[in-house]
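# Working through the structure, step by step
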Amino acid sequence: MKKPFLSIVVPCYNEEEVLNETTKQLTEVLMTLTERELIDPESKVIYVDDGSKDATWQLISEKTAENPYISGVKLSRNFGHQGALLAGLNAAYEKSDCVVSIDADLQDDVNAIIPFVEKFHEGFDVVYGVRGKRDTDTFFKRNTALGFYRFMDKIGVKLVPNHADFRLLSKRALKEFLNYKEENMFIRGIVPLLGFPSTKVYYDRNERFAGESKYPLKKMISFAIDGITSFSIVPIRMLFSLGVIMFCIGIGIGVYALIQKFIGHVESGWTSLMISLWIVGGIQLLAIGVLGEYVGKIFKEVKGRPRYTIEENLFEEKMAE
Ligand code: UDP
Ligand code: MG
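Bear in mind that the values here come from a model prediction, so they are computed numbers and not experimental data.

### Focus: the overall build of the protein chain
Looking only at helices and strands, one finds 11 helices and eight strands in the protein chain. Counting the 321 residues in the protein chain, one finds 44% classified as buried. Summarising the internal contacts of the protein chain: among those between residues at least 6 apart in sequence, 85% fall at separations of at least 24.

Next up, the structure:
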């Protein structure tokens, strides 16, 4: 029987400092899996260069030439982590029986890929890599992430806690995944929606091997906002509830003002009028802001722009040989 072809998709943005080590470790993993006859010996690593400004692509090309396990795809500019991942998964789809996605920085334990593949052989379509402990991440990162998972859970978005984008997908899970055509891709929110048998593999998260995080606070916030507004209308509902409460209070104030008017105290009330004016004004602004966020999403969605453009595809070339 033919062994499953595994592709390991690795998004890379300015990762020249880690690529040598990452390549070494991933090659070892692929060799081990090949020796144990768990995968097709032709299996590949697909590096996705996400518009890096350093020597990342040069390194990927060199490694493609010298190492039979390595290949790469170069994006025409920086599309962000999720875009790069999507590009890699799409590139891998046709040839692969299963795909693993992992970051380039070796924070996720590459050796966990071995149990991923074992689980795949047991018949699981989705295998989540879950961080056992996170004490190598900064205090700030750990707690903001934890808060985010809690909040997402509250508003009804089902995420796998402590799971980022380190996972295995079978071909049919990947096929379904690629059917999600939305512009605002929040990948880790979509995977649990796929269904199929799934399981978790626990591992310890390491420190970044070298270089700096490519996720500064600004990107983290926009990632979180995308996650929320792509999956949940709870913020709109919360505003709606707030609107209802304010309306009820407004009626109460109206009745009170009328009674005061009939009793004859007319000129007092300027203060309360000012206060309600300000409150209502504030709520309206807030509501417009939230609506704007969703309208912005619709705007992006209807344009249906491609989410990435591949400039070169060494993977395809290599496979055609
Ligand atoms: N990455 C990318 N494009 C970007 C930012 C990041 O492809 O615009 C890649 C990066 O090279 C790494 C992964 O996404 O492989 C995760 O980034 P990083 O490790 O910097 O994030 P952190 O672990 O700090 O959240
Ligand atoms: Mg990292």
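### Focus on helix H6 (residues 171-178)
By the burial criterion, the buried members of H6 are Ala173, Leu174, Phe177 and Leu178. Seen end-on, H6 carries its buried residues on one side only, within an arc spanning 135°. Of the surrounding elements, those touching the buried residues of H6 are helix H3 (80-93), strand E4 (98-101), strand E5 (126-131), strand E6 (167-170) and helix H7 (187-190).

### Details of the sheet that holds strand E7 (residues 198-203)
Strand order in this open sheet of eight strands is E7-E5-E6-E4-E1-E2-E3-E8, and the pairing throughout is mixed. Here the strands that pair on one side only, and so sit at the sheet edges, are E7 and strand E8 (310-313). Neighbouring strand axes in the sheet, compared pairwise and without regard to direction, differ in orientation by 20° on average. Where E4 and E6 come together, four bridges link them in antiparallel fashion. Within E6, the position partnered with Cys98 by the bridge is Ser170. Along the sheet, H6 contacts E4, E5 and E6; its crossing angle with E6, the most-contacted strand, is approximately 95°.

### Some thoughts on helix H8 (residues 217-231)
Along an α-helix, a turn takes 3.6 residues, which lines up residues three or four apart on a common side. In this model, H8 (15 residues) spans 21 Å end to end at C-alpha, consistent with the 21 Å of a helix rising 1.5 Å per residue. Listed in full, the buried residues belonging to H8 are Met220, Phe223, Ala224, Gly227, Ile228 and Thr229.

### Topic: the site of ligand 1
In the region of ligand 1, 20 residues are neighbours, and Glu15, Asp50, Asp105, Ser213 and Lys214 sit closest. The contact in question runs from an oxygen atom of ligand 1 to an N or O atom on the backbone of Ala104, over 2.8 Å. Considering ligand 1 on its own, with 530 Å² of exposed area, one finds that the protein chains cover 95% of that surface. For the shell around ligand 1, the secondary structure elements donating two or more residues are strand E1 (6-12) and H3. Examining the composition of the shell around ligand 1, we find that three residues originate from one element, H3, more than from any other. Grouping the constituent residues of the shell around ligand 1 by class yields six nonpolar, five polar and nine charged.

### Remarks on the UniProt feature "transmembrane region" (unreviewed entry) in the protein chain
This chain's UniProt record puts "transmembrane region" (unreviewed entry) on residues 239-259 and 271-295. With 100% helix and 0% strand, residues 239-259 has its two end C-alpha atoms placed 30 Å apart.

### Quick word on the coordination of the magnesium ion (ligand 2)
Ideal coordination angles are 109.5 degrees for a metal with four donors arranged tetrahedrally and 90 or 180 degrees for a metal with six donors arranged octahedrally. In the first shell of the magnesium ion (ligand 2), the protein supplies Asp105 (OD) and Gln107 (OE1), at 1.8 to 1.9 Å from the metal. The exposure class of Asp105 is buried, given its relative accessible area of 4%. Looking at Gln107, the relative accessible area reads 10%, which means it is buried.

### Re the nonpolar core
With 38 residues, the main nonpolar core has Leu6, Ile8, Val10, Leu33, Tyr47 and Ile113 as its most contacted residues. Elements supplying a minimum of two residues to this core: E1, helix H1 (19-35), strand E2 (44-49), helix H2 (56-66), E4, helix H4 (113-121) and E7. Membership of the second largest hydrophobic core comes to 32 residues, among which are Val48, Phe79, Ala84 and Phe315.

### Some remarks on the packing of aromatic side chains
Per the stated rule, a full pass over the model turns up six aromatic pairs. Arranged with centres 6.2 Å apart and planes meeting at 50°, the rings of Phe148 and Tyr149 form a pair that is tilted. Measuring from centroid to centroid gives 5.9 Å for Tyr215 and Phe223, while their planes differ by 65°, and the two rings are edge-to-face. Note on Tyr215: relative accessible area 22%, which makes it partly exposed. Phe223 sits in the buried class, given a relative accessible area of 14%. Aromatic ring contacts, followed pair by pair, group Phe148, Tyr149, Phe186, Tyr215 and Phe223 into a single cluster. The ring of Phe79 carries the charged tip of Arg77 above its face, separated from the ring centre by 3.9 Å.

### A word on unusual backbone geometry
We note that Leu106 has phi near 65°; this positive angle belongs to a residue other than glycine. One non-glycine residue, Asn162, lies in positive phi territory at about 60°. What makes Asn162 partly exposed here is its relative accessible area of 25%.

### Considering a nonpolar patch on the surface
A cluster of nonpolar side chains, contributed by Phe247, Ile251, Val255, Ile259 and Ile263, occupies part of the molecular surface with about 500 Å² of accessible area. With respect to the helices and strands, Phe247 occurs in helix H9 (residues 234-263).

### Quick look at the environment of Ile190
Residue placement: Ile190 occurs in helix H7. Take Ile190: its relative accessible area is 0%, and that puts it in the buried class. Along the chain, Ile190 and Ala210 lie 20 residues apart, while their C-alpha atoms are 30 Å from each other. Among all residues touching Ile190, those that are not within four sequence positions of it are Phe177, Tyr180, Glu182, Met185 and Phe231.

Criteria and thresholds
- Residues numbered from 1 in each chain as written.
- Chains lettered and ligands numbered in written order.
- Predicted model: local features only at pLDDT ≥ 70, side-chain atom pairs only at ≥ 80, totals over all residues.
- Heavy atoms only, no water.
- Helix = DSSP H or I, 4+ residues; strand = E, 2+ residues; numbered from the N terminus.
- Buried < 20%, exposed > 50% of the residue type's maximum accessible area, 1.4 Å probe, protein only.
- Contact = heavy atoms within 4.5 Å.
- Arc of directions from axis to C-beta.
- Pairing = 2+ DSSP bridges.
- Axes fitted to C-alpha atoms, helices over the stretch in contact; angles between N-to-C directions.
- Expected span 1.5 Å × (residues − 1).
- Near = heavy atom within 4 Å.
- Polar contact = N/O pair within 3.5 Å; in protein donor to acceptor, adjacent residues only side chain to side chain.
- Areas by Shrake-Rupley, 256 points an atom, 1.4 Å probe, with all protein chains shown as cover.
- Nonpolar A, V, L, I, M, F, W, Y, C, P; charged D, E, K, R; others polar.
- UniProt positions renumbered as here; feature names shortened; annotations may be inferred.
- Donors = N, O, S within 2.8 Å, 3.2 Å for Na, K, Ca; no water.
- Core = buried A, V, L, I, M, F, W, Y, C linked by side-chain atoms within 4.5 Å.
- Phe/Tyr/Trp six-rings, centres within 6.5 Å; stacked < 30°, edge-to-face > 60°.
- Lys NZ or Arg CZ within 6 Å of the ring centre and 35° of its normal.
- Patch = residues over 30% accessible without salt bridge, like charges linked within 9 Å, V, L, I, M, F, W, Y side chains within 5 Å.
- Salt bridge = Lys/Arg side-chain N within 4 Å of Asp/Glu carboxyl O.

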